[in-house]
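The chain contents come next:
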Amino acid sequence: MARHRHHRKRRGSRAPLVAFAIILLLLAGVAIVGMFVFRREEEGGRQASAVEAPDYDNEDKWSEGLVSYNGESYRYNKNIRTYLFLGIDTDEPVHKAVDGISGGQSDALFLLVEDRDKDKLSIISINRNTMTNVSMYNREGEYIDDRVLQICLQHGYGDGERISCQHAADCVENLFFGIPIHGYMSLNMGGIGLLNDALGGVEVTVLQSLDNAARGVHLVEGETKVLNGDEAYVYVRSRDTSEFDSASDRLRRQEQYLNVMIPQMLRKIRGASSAVSIYNKAEDYLYSNIDFARLADEMKDMEYDSSEGVYTIPGETVKGERFEEYWPDEDGLYELILQIFYDKVDG
């Protein structure tokens, strides 16, 4: 795992979680319906990564040998699979963008890490304002240059479907020092309420008072309630952009929602009729290249511990020239990668 410096480094406090794991519920539902694999098309321009055509069975394709760090030796765990999940900032169903720069921002990004040795699921959140190399394209989809920008912008450089997701996956791979991503899924945010209601609602103790007159939502800090679809939409999406680092408040709400939802989701995937209903409600808002049948079969016996199964990249939010910027601590990120994706080798 070569360490490369691809963005300016800043140290600071641990950022709150970025996570939008309701997508996992959809993933499980599709799995029982059957394997959905989109038609792969030829993409011109830059060379695409391995994400475009996942090779699940070739365990030797990426990392061999040992990695040394602080006097310790580590070996990459080849029984790990990693999937990128994106929440796209649009309420519309998935559709092809009008040009190569209108694919939509990814306001939520996280990695689902499946450790088949330990039968364990983990989540790594990625702050949407993370500063890293973003590949820029023109309206015709032609590559221009790489520039250090917020990672949420990368999905916008594409077609809103396969090319956008592929670019986002490549960008995240680069941020994580080349750790392979085996598949991706994007969910347009308009599908949030549908999925929440298909699950039967998610109960939370409200962390922050929120009002949305257009959706008839009035949430009061401290109250405990089962969120309906409109309430879930407002709870995981809303933030006051006039306040500095308001994304952090939203991310804490997303973390809470995630930790309640995942155990509920794992119970649901064992019921085929429930899974089919969930998929039918939200399929128009989804785009993916994941082999759902295979993934669901592997996930059904996995464990998820909300107290220790969620990780985030350490770093600091600062005010940039125009927008907020989250600068990761690269040493902290590197150590996180070793912790999750590697096994320590004795002797």
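One can find the structure itself at the top, above this paragraph.
An account of the accompanying structure is given in this report. What you are looking at is a predicted structure, and each value in this text was computed from that prediction instead of being measured.

The next subject is the overall build of the chain. Each helix and strand in the chain was counted, giving eight helices and 17 strands. Evaluated residue by residue, the chain yields a buried proportion of 56% over its 347 residues. Partitioning the contacts of the chain with sequence separation of at least 6, the portion at a separation of at least 24 is 73%. Total accessible area computed for the chain in this model is approximately 14,900 Å², and 43% of it derives from carbon and sulfur atoms.

Here the focus is the packing of aromatic side chains. Per the counting criterion, the structure on display carries five aromatic pairs. With 5.6 Å between their ring centres and 70° between their planes, Tyr76 and Tyr342 make a pair best called edge-to-face. Placement of Tyr76 in strand β2 (residues 72–76) and of Tyr342 in strand β17 (residues 342–345) is noted, with a sequence separation of 266 residues between them. Each member of the pair Tyr76 and Tyr342 is classed as buried.

What follows covers the nonpolar core. Among the nonpolar cores identified, the biggest contains 42 residues, and Leu84, Ile124, Ile126, Val172, Phe176, Phe341 and Tyr342 are the most heavily contacted of them. Mapped by element, the contributors of at least two residues to this core are β1 (66–69), β2, β3 (80–88), β4 (106–115), β5 (120–126), β6 (131–137), α2 (162–175) and α8 (330–341). Non-local contacts of Ile124, meaning those with residues more than four positions away in its chain, are made with Phe110, Leu111, Val113, Phe176, Tyr311, Leu336, Ile340 and Phe341. Counting residues in each nonpolar core, the second largest holds 34 residues, with Tyr233, Tyr235, Tyr257 and Met261 among its members.

Tracing the backbone shows Ile151 in the loop between β7 (143–150) and α2. The buried category is assigned to Ile151, whose relative accessible area is 2%. Considered as a pair, Ile151 and Gln105 are 46 residues apart in the sequence and their alpha carbons are 8.9 Å apart. Apart from the residues within four sequence positions on either side, Ile151 is in contact with Ser106, Leu109, Ile126, Asn127, Arg128, Thr130, Thr132, Val134, Cys171, Val172 and Leu175.

On to the sheet that holds β2, then. The strand order across the open sheet formed by three strands is β1-β2-β17, and the pairing between neighbours is antiparallel. The open sheet has two edge strands with one neighbour each: β1 and β17. Put simply, the sheet's adjacent strands are angled 40° from each other on average, direction ignored. One ladder, built from four bridges, connects β2 with β17; its direction is antiparallel. Among the inter-strand pairings, Tyr74 is bridged to a residue of β17, identified as Lys344. Running over the sheet, α8 touches β1, β2 and β17 and is turned about 135° from β1.

Let's shift gears to the side chain of His167. Counting through the fold element by element, His167 comes out in helix α2. Take His167: its relative accessible area is 6%, and that puts it in the buried class. Reaching out from His167, the side chain makes a polar contact with the backbone oxygen of Tyr157 at a distance of 2.6 Å.

Time to look at unusual backbone geometry. Backbone geometry at Asn70 places phi at a positive 50°, although glycine is not the residue there. The topology assignment puts Asn70 in the loop between β1 and β2. The exposure class of Asn70 is exposed, given its relative accessible area of 64%. The backbone phi angle of Asp119 is positive, close to 50°, even though this residue is not glycine. Here Asp119 is to be found in the loop between β4 and β5.

Here six strands make up an open sheet; going across it, the order is β13-β8-β3-β4-β5-β14 and the pairing mixed. Looking at the sheet topology across the chains shown, the edges are occupied by β13 (286–288) and β14 (310–312). Across the sheet, the mean angle separating the axes of adjacent strands is 20° when strand polarity is ignored. Note that β3 and β4 share nine bridges and pair antiparallel.

Rules behind the numbers
Residues numbered from 1 in each chain as written. Predicted model: local features only at pLDDT ≥ 70, side-chain atom pairs only at ≥ 80, totals over all residues. Heavy atoms only, no water. Helix = DSSP H or I, 4+ residues; strand = E, 2+ residues; numbered from the N terminus. Buried < 20%, exposed > 50% of the residue type's maximum accessible area, 1.4 Å probe, protein only. Contact = heavy atoms within 4.5 Å. Areas by Shrake-Rupley, 256 points an atom, 1.4 Å probe, with all protein chains shown as cover. Phe/Tyr/Trp six-rings, centres within 6.5 Å; stacked < 30°, edge-to-face > 60°. Core = buried A, V, L, I, M, F, W, Y, C linked by side-chain atoms within 4.5 Å. Pairing = 2+ DSSP bridges. Axes fitted to C-alpha atoms, helices over the stretch in contact; angles between N-to-C directions. Polar contact = N/O pair within 3.5 Å; in protein donor to acceptor, adjacent residues only side chain to side chain.

On their own, these measurements won't tell you what the molecule is for.
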